[in-house]
Amino acid sequence: DTSGLTASDYIVGNVTDGNLAITKANATANTVGGNMIYGGSLPNISANLSGLKPFDNNLTANAVNVDNVTSTTHVGRHPVGINIVDPSGRLGNYNVTTNLADIVIGKATINGDVNAVSKVYGDADPANTITYNGFVNGENSNVLSGNVTFTGNPGVTGNVGNHPIHADTSGLTASDYIVGNVTDG
């Protein structure tokens, strides 16, 4: 409205209305993941928003466990999603860059002991076995694949006495486990 403007040497003529262009503000939505070991506790996951204008503080972000990860979820990377809560309908005023994290599940470690066995001089060596510990989720050595190589068996002609038996477990694999220390028998 220019009706109140005056000037001694001018007449205020027609003034064309202008526009105020409002562009979107930039904001960032982040998730925070974490690491866990197979069979362990779920890490704390979270989400946050940054770059919001102070008057838009009712916009919130919640982390979402996309794959419903639990202690029985297998080893690997599992995404943490985000749910933005916008009760006032203000999110459309922002260009939101999203940075998503993962829950990373690592292999659990199992250890073992070569079982003690005995024989009579001149007999064949008995079969060697390992007792493992550290399995989780009710699992056992059935989840292992591959072969164990035993060394130190004295054979039929072995002298009377103790003979340490060593287990080479490098041929064992498991999708959710690492074979750690195996104590000689």
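For the structure, see preceding data.
If you're wondering where the values come from, they're calculated on a predicted model, not measured in any experiment. Throughout this document, residue positions are counted from 1 along each chain, in the order its sequence is written. Local features in this predicted model are restricted to residues whose pLDDT is 70 or higher, and side-chain atom pairs enter the listing and the counts only when it is 80 or higher, whereas totals over whole chains, interfaces and linings include all residues. Hydrogens and water molecules were not included; the side-chain quantities draw on all heavy atoms of the structure.

Visitor: Summarise the environment of Ile82; cite the residues concerned and give the values.
Guide: Tracing the backbone shows Ile82 in strand E5 (residues 76-85). The cut-offs for exposure are 20% and 50% of the maximum accessible area for each residue type, with area from a 1.4 Å probe on protein chains only; residues under the lower value are buried, those over the upper are exposed, and the others partly exposed. Here Ile82 falls in the partly exposed class, since its relative accessible area comes to 24%. Each C-alpha atom of the pair Ile82 and Asn65 lies 8.7 Å from the other, and the pair is 17 residues apart in sequence. Should any heavy atoms of two residues lie within 4.5 Å, those residues are considered in contact. With near-sequence residues (within four places) excluded, Ile82 lies in contact with Ala29, Asn30, Thr31, Ala47, Asn48, Ala61, Asn62, Val64, Thr98 and Leu100. For the purposes of this entry, the term helix denotes a DSSP run of H or I that reaches at least four residues, the term strand denotes a run of E that reaches at least two, and both are numbered from the N terminus.

Visitor: A description of the pattern of salt bridges should follow, citing residues and the corresponding values.
Guide: A side-chain nitrogen of Lys or Arg and a carboxyl oxygen of Asp or Glu constitute a salt bridge if their distance falls within 4 Å. In the structure shown here, the tally under the stated rule is three salt bridges. Arg77 is paired through a salt bridge with Asp102; the nearest N and O atoms lie 3.1 Å apart. Remark: Asp102 occurs in strand E7 (residues 102-106) and Arg77 occurs in strand E5; sequence separation between them is 25 residues. Relative accessible area serves as the criterion here: at 60%, Arg77 is assigned to the exposed category. Lys119 is the salt-bridge partner of Asp125, the closest N and O atoms lying 2.8 Å from each other. A residue is classified by how much of its surface remains accessible, and Asp125, at 27% relative accessible area, is partly exposed. Accessibility expressed as a relative area gives 30% for Lys119, which makes it partly exposed.

Visitor: How would you summarise the sheet that holds E7 if you had to cite specific residues and measurements?
Guide: Hydrogen bonds between backbone groups are what pair the strands of a sheet, and the pairing can be parallel or antiparallel. Only when DSSP finds a minimum of two bridges between them are two strands counted as paired. On the basis of which strands lie adjacent, the open sheet formed by four strands has the order E2-E7-E5-E4 and mixed pairing. Since the sheet does not close on itself, it has two edges, and those belong to strand E2 (34-37) and strand E4 (60-65), each with one partner. Strand-to-strand twist of the sheet, defined as the mean angle between neighbouring strand axes without regard to direction, takes the value 25°. Both E4 and E5 contribute to a ladder of six bridges, which runs antiparallel. Bridging across to E5, Asn62 finds its partner in Asn83. All axes here are fitted lines through C-alpha atoms, helices being fitted over the stretch that makes contact, and every angle between N-to-C directions spans 0 to 180 degrees.

Visitor: Lay out the sheet that holds strand E1 (residues 25-32) in plain terms, naming residues and giving numbers.
Guide: Spatially, the three strands line up as an open sheet ordered E3-E1-E6, and their pairing is mixed. Pairing within the sheet leaves two strands with one partner each, and these edge strands are strand E3 (46-50) and strand E6 (94-99). Across the sheet, the mean angle from the axis of one strand to that of its neighbour is 20°, orientation sign disregarded. Bridge count for E1 against E6 is six bridges, and the pairing is parallel. Paired with Asn26 across the strands is Asn95, a residue of E6.

Visitor: Go over the side chain of Thr31, please, and point to the residues and values.
Guide: In this fold, Thr31 is placed in strand E1. By the criterion applied in these results, polar contacts are pairs of N or O atoms within 3.5 Å in which, for protein atoms, one can donate a hydrogen and the other can accept it, and in which residues neighboring in sequence qualify only through two side-chain atoms. A polar contact is formed between the side chain of Thr31 and the backbone nitrogen of Ala101, at a distance of 2.6 Å. Setting aside chain neighbours within four positions, we find Thr31 in contact with Ser46, Ala47, Val80, Gly81, Ile82, Asn99, Leu100 and Ala101.

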